[in-house]
Amino acid sequence: QEMQPLGETEWVEGLTAQSASGHQGKTRIAAGIIGFAELTLGSAVAPILEAQIAASKNRLRGIRYSSTWDPHPEIQATTARLRPKGLLLDAKFQEGFACLRKYGLVFDAFMYHPQLMDLVALARAFADTNIVLNHIGTVLAVGPYKGEDVLGEWKKSMTILATCPNVYVKLGGLGMHHFGFGWSEQAEPPGSVQLAEEMKPYILTCIDLFGADRCMFESNFPPDKLSYSYNIMWNAFKRITNDYSAKERAALFHDTATRVSRCPAGGCCVNMKHNSR
């Protein structure tokens, strides 16, 4: 069972080879692959990582891992895979996490915002391993969190997390139900002006705290399709960053992602979610 993610990596590598042949048009798929491996296996995860690196012809750039946990039943009901509390602090998990540095792999972290201090502890314990926080920390503003100062609490944790120089942030995912914007419930889908205005407090906070060189925009499609269209989302990101310099915008829309994931210029990573199904 622990080798199942290898099949996903092999499948994406096959798609990459097909697109490189030019038989499917100009699109080039997967300059890099962010795969999955069960890090709670401890050091036993090493041969699984090695197999994926070989299968991807060294295109594997990192491991995406979900540690989503919350004590509230309403949040648990909308969590694709509920993980144990404090998983990032578990000794066996950290033993597996330590293997990432050996292979030059980044760690893509998916969690809820009340768990961000666990990520701070992990980042400080492994300062030599790059960590990419998915979906700006997935803010919970629904159910038991609705009406609370979630923006303020999230900002406090993000301010501390920003002191860890090995942590980067993906700017996106705000279309998911957990953020509580309610865009999917509107009579008409939101336009880029509305999205930009309502996303700004989160996006600009991340850029202010981490800097453009540690932030990267993400699509998070198809999940965000629940709330808005792909093109409208990118137009909103452009509106939000309209006052930034050309260098900063280049970092946000391209350079940070390619540098952290070690992808060729113009390339992008396929991010697999084996453990989120």
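Quick note: structure is the one above.
Here is a short report on the structure shown in this document. (Residues numbered from 1 in each chain as written. Predicted model: local features only at pLDDT ≥ 70, side-chain atom pairs only at ≥ 80, totals over all residues. Heavy atoms only, no water.)

1. Here we look at the overall build of the protein
Rules: What counts as a helix is a DSSP run of H or I of at least four residues, what counts as a strand is a run of E of at least two, and both are numbered from the N terminus. The globule rule used here is 2.2 Å times the number of residues to the 0.38 power, and the radius of gyration it is set against is calculated over C-alpha atoms. We call a residue buried when its accessible area falls under 20% of the maximum for its residue type, exposed when it is over 50%, and partly exposed in between, using a 1.4 Å probe and counting protein chains only.
Regarding its fold elements, the protein presents 10 helices and seven strands. For the protein, whose C-alpha radius of gyration is 18 Å, the value lies close to the compact-globule estimate of 19 Å for 277 residues. Taken along its principal axes, the extent of the C-alpha atoms in the protein is 45 × 45 × 35 Å. Expressed as a percentage of its 277 residues, the buried residues of the protein come to 51%.

2. Quick look at the packing of helix H7 (residues 150–161) against helix H8 (residues 192–210)
Worth spelling out the cut-off: Axis angles are defined between N-to-C directions and span 0 to 180 degrees, where every axis is a line fitted to C-alpha atoms and, for a helix, only to the segment in contact. Each angle receives one of four descriptions, namely roughly parallel if under 35 degrees, roughly antiparallel if over 145, roughly perpendicular if within 65 to 115, and oblique otherwise. Each helix crossing is assigned a hand: it is left-handed if the near helix lies turned anticlockwise from the far helix by less than a right angle, otherwise right-handed if that turn is clockwise. Contacts were defined at the residue level, with two residues in contact if any of their heavy atoms lie within 4.5 Å.
Interaxial distance between H7 and H8 falls to 10 Å at its minimum, and their mutual angle equals 20°. Put simply, H7 runs roughly parallel to H8. Crossing angle aside, the handedness with which H7 passes H8 is right-handed. Here Val150, Leu151, Trp154, Lys155, Met158, Thr159 and Leu161 of H7 lie close against H8, whose contacting residues are Pro201, Tyr202, Thr205, Cys206, Leu209 and Phe210.

3. Considerations on the packing of aromatic side chains
Formally: Paired rings are identified among Phe, Tyr and Trp, the last through its six-membered ring, by centres lying within 6.5 Å, and are further divided according to the angle between planes into stacked (under 30 degrees), edge-to-face (over 60) and tilted (the rest).
One pass over the full model with this rule turns up 21 aromatic pairs. Taken together, a centroid distance of 4.3 Å and an interplanar angle of 20° make the contact between Phe217 and Phe237 stacked. Of this pair, Phe217 sits in strand S6 (residues 215–217) while Phe237 is found in helix H9 (residues 230–240), placing the two residues 20 residues apart along the sequence. Taking the centre distance of 6.2 Å and the plane angle of 70° together, the rings of Tyr230 and Trp234 count as edge-to-face. Here Tyr230 and its partner Trp234 are both found in helix H9, four residues apart, which amounts to about one turn of the helix. Judged by its relative accessible area of 40%, Tyr230 is partly exposed. A connected cluster of aromatic rings, assembled from ring pairs, spans Trp154, Phe179, Phe181, Trp183, Tyr202, Phe217, Phe221, Tyr228, Tyr230, Trp234, Phe237 and Phe253.

4. Side note on the environment of Glu153
Examined against the element boundaries, Glu153 turns out to sit in helix H7. The sequence separation of Glu153 and Val139 amounts to 14 residues, and the corresponding C-alpha distance is 9.7 Å.

5. Thoughts on the pairing of strand S1 (residues 32–35)
Stated precisely, the cut-off is as follows: For two strands to count as paired, DSSP must find a minimum of two bridges between them.
Here S1 shows no split at all, with Gly32 and Ile34 on one side and Ile33 and Gly35 on the other all buried. Pairing of S1 with strand S2 (residues 60–66) involves three bridges; the strand directions are parallel. Bridging from a neighbouring strand, Ile34 pairs with Gly62 of S2.

6. With respect to the packing of helix H6 (residues 116–125) against H7
When two helices pack together, their arrangement is given by the angle between the helix axes and by the axis-to-axis distance. Keep this limit in mind: When residue character is reported, Ala, Val, Leu, Ile, Met, Phe, Trp, Tyr, Cys and Pro are called nonpolar, Asp, Glu, Lys and Arg charged, and the others, Gly included, polar.
Viewed as axis vectors pointing N to C, H6 and H7 meet at an angle of 0°, and their least axial separation amounts to 9 Å. On the basis of the axis angle, H6 is roughly parallel to H7. Of the residues in H7, those in contact with Leu116, Met117, Leu119, Val120 and Arg124 of H6 are Trp154, Ser157, Met158, Ile160 and Leu161. When grouped by side-chain class, the residues that make up the contact of H6 with H7 number eight nonpolar, one polar and one charged.

7. Remarks on the nonpolar core
As a reminder, the rule being used: Residues belong to a common nonpolar core when they are buried Ala, Val, Leu, Ile, Met, Phe, Trp, Tyr or Cys residues joined through side-chain atoms within 4.5 Å.
One finds Phe107 and Leu171 to be the most contacted residues of the largest nonpolar core, which totals 74 residues. The contacts of Leu171, once residues within four sequence positions are left out, are Ile136, Ile203, Cys206, Ile207, Cys215, Met216, Phe217, Glu218, Phe237 and Leu252. Core analysis: the next-biggest nonpolar cluster, separate from the first, contains six residues, Ile34, Val106, Val132 and Val260 among them.

8. Looking at H9
In plain terms, the rule: Directions pointing from the helix axis toward each C-beta atom define the arc.
Among all positions in H9, only Met233, Trp234, Ala236, Phe237 and Ile240 are buried. Along the long axis of H9, the arc covered by the buried residues comes to 155°, so they all point the same way. Turning to H9, the residues buried within the fold contact strand S5 (167–171), H8, S6 and helix H10 (246–260).

9. What about the environment of Gln194?
Position of Gln194 relative to the elements: it lies in helix H8. Gln194 gets classed as partly exposed once you look at its relative accessible area, which sits at 27%. C-alpha of Gln194 to C-alpha of Ala236: the two residues are 42 residues apart in sequence and 8.1 Å apart in space. Ignoring any residue separated from it by four or fewer positions in sequence, one finds Gln194 in contact with Trp183 and Gln186.

10. Topic: the pattern of salt bridges
To keep it simple, the criterion reads: Only one rule defines a salt bridge in this text: a Lys or Arg side-chain nitrogen within 4 Å of an Asp or Glu carboxyl oxygen.
Tallied over the entire structure, the rule returns six salt bridges. With its nearest N and O atoms 2.3 Å apart, the salt bridge here joins Arg59 to Glu13. Of this pair, Arg59 sits in the loop between helix H2 (46–55) and S2 while Glu13 sits in helix H1 (residues 4–20), and the two are 46 residues apart along the sequence. Accessibility classification places Arg59 together with Glu13 in one group, the buried group. The partner of Lys156 in a salt bridge is Glu153, with the nearest N and O atoms 3.4 Å apart. Here Glu153 and Lys156 lie together in helix H7, a separation of three residues that amounts to about one turn.

Purely geometric stuff here, so don't read any function into it on its own.
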